[in-house]
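Analysis of the macromolecular model
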Amino acid sequence: MIRGSLCAASVPVLGLALALALAVAGEAAAQIRPSAPYRVIESAHFHVTYGEGLEPLARRVVEAAERSHAVLESTLSRAPSGKVDILLVDGVDFSNGFASPFPSNRIVLYARPPVDDEALSYSTDWLELVVSHELTHTFQMDRAGRVGRALRSVFGRMPLIYPMFPSVGTPAWSTEGLAVDVESSYTGQGRGHGSDHEMIVRTAVLAGEPDRMGRLNENSPIWPGGQRAYIYGSLFMAYLSEQYGEDVHGRILDRTASAILPPFLFWDNVAYRAFGTTFDAAYESWLSGLNRQYSAFADSLSASGLTESKRLTDHGRIASDPRVSPDGRRLVYTAEDGKANSSVRTIDSATGDVEQSIRRNGGGVQTWLADGRLLVSQYEFDGPYRILSDLWIVGQDGGRLTNGARLQAPDVSVNGRIVAVQNGGGGAELALVDLRTGETRTITAGGARVLWSFPRWSPDGSRIAASRWTGDGEHAIVVMDTMGASMTTVMSGTELNLAPAWSPDGSYLLFSSDRTGITNLYAADLRSPGSPRLWQVTNVLTGAFGPEVSPDGTTIYFSKYHANGYAIERMPFDPAAWRAPSVARLRAESGVEGEAGEGVVVDSAVSPSVIESNGVRATSGSTDGDEAAAQLDSRPYSPWRTLAPTFWAPVLTSTDATGTFLGASIRGQDIINRHAFRAAAVFDIEGSGRWEGGVSYSNARLGNPVMTVTARRQWSDLGAIQLTETTTGQRLERDDAMSAYATFVLRSWRRSVSLSTGIERQWFHQMLVDQPRFRLLDPEDTQTNLFANLSVVRTQSPPYAISREDGYTFVINVERSLEDESTAFRDSTGVHHENYTEWRSAGAIYKSVDAGGFAHHVIALRGSGFLSTGGGAGLQRLGGATGSYAELLGFGVAGGSRLLPVRGFTPSVLAGTRAWTATAEWRAPIALVGRRPSFSPFFIDRISANAFLDAGDAWCSTEEQLVSQFCRNIELAVTPIVGVGAELAIDFGFAGIFTGRARAGVGVPLRGPQDRARPYLLIGSNF
């Protein structure tokens, strides 16, 4: 079952052209705490950097990485040059990992095991899975053809997709599909051999709704959302192996690396060269085969009798973890319907009518307290970098129960005791929690090789049932006493046996298991002498999860899978209707050693991996490998190796007056993001001796704030100056500056606050070009600038959203410039640099309205302002629409002021030292398309529209009006100006590489100096 946690890999994708920024996997990178202590273990092919308390886990990572490296080198591709960096951190309570080839080959792993994730739990070692998956990405992304390798030998690892890193940017279904297929064939387990991916594809095919190729590579919210690249991609890549040979992945990678045309645009050329047909044709053939296979399977399973149940929810996507209230009248579950974020939703247990829906931070389990309130686990930030799960009480006088305890999946006993799963250090233990104080006491001690999930109290509060995973891949349902001592193993096997639930009298223990390849509900009769007798409760075509029995013992509630996601359903609790269990099919065994069990295909041609240190060598598949890893030295972390620049990029700039400048830029960032720098320098190739450049350095050693210092030099063209009646001269200004500032961040799950404040010192020098007979009087000037910027964001963005919703944003920027009077200069134009104070601010409010459509309608209000005072006060121009310039058939419509837009008018219709604008919009969803037009690299995701009303004004003081011709004429201008209009917005993707929003609209002036409608076509959101 796909839950709210992230998948085990997230690969960053770059733009089409040169990006001078390091590639970071978005939010995931933000969970690396740069202020924490780290250590490093070095092996033959890896540097493993790990956080405090993670050394045993880090040594297991070394072993798994070396084994995977040997397998990939012998079966997929030549190894990347140099050692790969792996960073192991424990700052979040969900499972994930990601890989990037920039600025060097780097992998980041989160230490939280995916023991409660049906898609990721099928393994004897989850670290083996995630390491092999991410290392596959590293082998993929590092490959390049001759041209790419030649360019890399000159420029280094410059983040240019094609031809230097041609696999980066290729379809996500291929990269993720290959990594999942490799993880599965190598280990003999993983998602390719589990039941979850196959369930989702099987259900879609039987419903006639499988994802088409055009959607696989895009980040569409249509179910199964971001998981589709993993799900469809892995099964399709396995099909290609069966159809075209086990070496087809290597051939695809070879053809990608050596592609003459950019593979992300001409992907089918790779397929033709690799196996003689297109990916689209092979995909359709695969789907046709699945349709025949699953139709026959459905007929066979239906003949044995399918379970009938009543559906209580119909919103699709996520409906999981049902819990019935003590009186049996209400049922609460975790809901995420796409229109709203994850919530705790309460419904009538008989009719399914919604009673209340309360937003929660992420998904998870919830349970009822005796007084009718709810106990939930949810995420919250612990500082800027860590996301931890804690217990919260929802209802009257509720609030946070624990802080930093890292608890999930709570359950409350009849006498008010709480049991929950406690994360940390790569483990998942069971703990008891005091309902009054939140005090926590661990009752198991399994470490990282015995992991617990889904605990449930018995009806009388004397026993606890839970799911237990052990290092041999066994998933067991275990019943223990309240001290954590194991009493009975109810069910055990390498299949997934999860989520136990008691019958009200304690006679039966229900749970979900995929032992036959389809997840169904089972029941163990605890009254049976000896080992409990097992019964199969459901027989479904799709999947049944998370059972819950009503207090009166008459009804079973559970989560059932459908083509559009999960639904809460109910059926009678009737042991007489249960059947003997079908024969188990799933068998998980390691693919590293020997042969796999029944139903699992493992590559037996595995080359031994090598762990090498101080002359010690050992191969995998023996205890020698473990001993070698244990002998590797651990040393304190040093940033300098990963901070060193790995590429340089040429820079060329040209202006008529200042010259033509040629130079280079470099950049670096260490793996824990503690240090970062960038530097660039360019020189005038026309021989003037002028140069420009800059350097910046950021230090996050304190964690919060991040300190930054910069230095720069730039030249500006100030235009011509009259020297004599017949002579003019071109005046240039050199601006040298140094600055220092600090950035503070306050983050919570629902709000982000950022404050940057600092100081800048500038030195100005003016000169005349090619006029040696003249010189400027007092050409030197200095200036000190103080600045601060505050940003606050508190909004929601559900999966289907067309806009920010239900919240607000606010930003204010203040700059105070102080001129050094001792160096001020005057000429015929007066004092050039003078004191000024400048304020810029903007704020917006968003309110969702459920008025029909695939997403919420949104009322959006925005206001912005500008104020500049002092002798050096600057002007701000007002008008136009916000966004980037776009062209259509060679004709373009420019944007306008990002701060002060008024649609229906030209971008600079007004200007002044004082200005404001206000906007009101009604935003409405039109269509959730989710399709790629034939023969097009563009993917159309969502279409929406909005109607707007804009107003604004700009002016100067009387004194400023006299000295500036650009200030609007107070007497002649009609203000404030007002415009109305409408626009159509299309959210699109391009070749799976980037996403954007195209907006086409028209603004009509209602009040102001202009009298005609103005159309616009822009890229980017409005606000």
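Residues numbered from 1 in each chain as written. Predicted model: local features only at pLDDT ≥ 70, side-chain atom pairs only at ≥ 80, totals over all residues. Heavy atoms only, no water.

With that out of the way, let us pick up the sheet that holds strand E2 (residues 46–51). Taken in spatial order, the six strands of this open sheet run E4-E5-E3-E2-E1-E32, and their pairing is mixed. Of all the strands in the sheet, just strand E4 (97–100) and strand E32 (634–636) have a single pairing partner and so form its edges. Going across the sheet, the axis of each strand differs from the next one's by a mean of 20 degrees, ignoring polarity. With four bridges connecting them, E4 and strand E5 (residues 106–110) associate as antiparallel partners. (Pairing = 2+ DSSP bridges. Helix = DSSP H or I, 4+ residues; strand = E, 2+ residues; numbered from the N terminus. Axes fitted to C-alpha atoms, helices over the stretch in contact; angles between N-to-C directions.)

This brings us to the environment of glutamine 771. Inspection of the secondary structure assignment puts glutamine 771 in the loop between strand E39 (752–769) and strand E40 (780–796). Residue contacts for glutamine 771: discarding those within four places in its chain leaves Leu723, Thr727, Thr728 and Gly729. (Contact = heavy atoms within 4.5 Å.)

It is worth spelling out the nonpolar core at this point. Membership of the largest hydrophobic core comes to 98 residues, with the highest contact counts inside it found for Leu88, Phe236, Leu240, Ile252, Phe275, Phe279 and Trp286. Beyond its immediate stretch of four places on either side in the chain, phenylalanine 275 contacts Leu240, Tyr244, Val248, Arg251, Ile252 and Ala282. In terms of nonpolar packing, the next biggest core, distinct from the first, is built from 18 residues, Leu301, Ile518, Val540 and Ile556 among them. (Core = buried A, V, L, I, M, F, W, Y, C linked by side-chain atoms within 4.5 Å. Buried < 20%, exposed > 50% of the residue type's maximum accessible area, 1.4 Å probe, protein only.)

This part takes up helix H8 (residues 228–244). Between its terminal C-alpha atoms H8 stretches 23 Å, which fits the 24 Å expected from 17 residues at 1.5 Å a residue. Most of H8 is tucked away: 13 of the 17 residues are buried. Positive backbone phi, approximately 105 degrees, marks glycine 245, located one or two places after H8. (Expected span 1.5 Å × (residues − 1).)

Another point: the side chain of glutamate 921. Counting through the fold element by element, glutamate 921 comes out in strand E50 (residues 914–931). Here glutamate 921 falls in the buried class, since its relative accessible area comes to 3%. Of note is the side chain of glutamate 921, whose polar atom sits 2.7 Å from the side chain of arginine 903. Engagement of the side chain of glutamate 921 in a polar contact is seen with the side chain of arginine 923, the distance being 2.7 Å. (Polar contact = N/O pair within 3.5 Å; in protein donor to acceptor, adjacent residues only side chain to side chain.)

All right, on to the pairing of strand E22 (residues 486–493) then. Every regular strand shows the same layout, with side chains that alternate between the two sheet faces. Alignment of strand E21 (residues 475–481) against E22, held across six bridges, turns out to be antiparallel. Paired with valine 478 across the strands is threonine 489, a residue of E22.

In the contact formed by H8 and helix H9 (residues 248–257), the axes pass within 9 Å of each other and the chain directions differ by 105 degrees. In terms of axis orientation, H8 runs roughly perpendicular to H9. Taken together, the residues of H9 that come into contact with H8 (itself represented by Met237, Leu240, Ser241 and Tyr244) are Val248, His249, Arg251 and Ile252. Across the contact of H8 with H9, the residue classes break down as five nonpolar, two polar and one charged. (Parallel < 35°, antiparallel > 145°, perpendicular 65-115°, else oblique. Nonpolar A, V, L, I, M, F, W, Y, C, P; charged D, E, K, R; others polar.)

Where helix H10 (residues 267–275) meets helix H11 (residues 279–303), the axes come as close as 8 Å, and the angle between the chain directions of the two elements is 75 degrees. The orientation of H10 with respect to H11, classified from their angle, is roughly perpendicular. Within the contact between the two elements, H10 uses Trp267, Asp268, Ala271 and Phe275 and H11 uses Phe279, Asp280 and Ala282. Of the residues belonging to the contact of H10 with H11, the class tally is five nonpolar, no polar and two charged.

A few words on the sheet that holds strand E25 (residues 520–525). As summarised here, the arrangement of the four strands in space is E23-E24-E25-E26, forming an open sheet in which the pairing is antiparallel. Unpaired on one side and paired on the other, strand E23 (497–502) and strand E26 (533–536) mark the two borders of the sheet. Sheet twist, expressed as the mean angle between neighbouring strand axes with direction ignored, is 30 degrees. Looking at chain direction, E23 and strand E24 (residues 508–513) are connected through four bridges and run antiparallel. Directly across from alanine 501, in E24, lies its bridge partner leucine 510.

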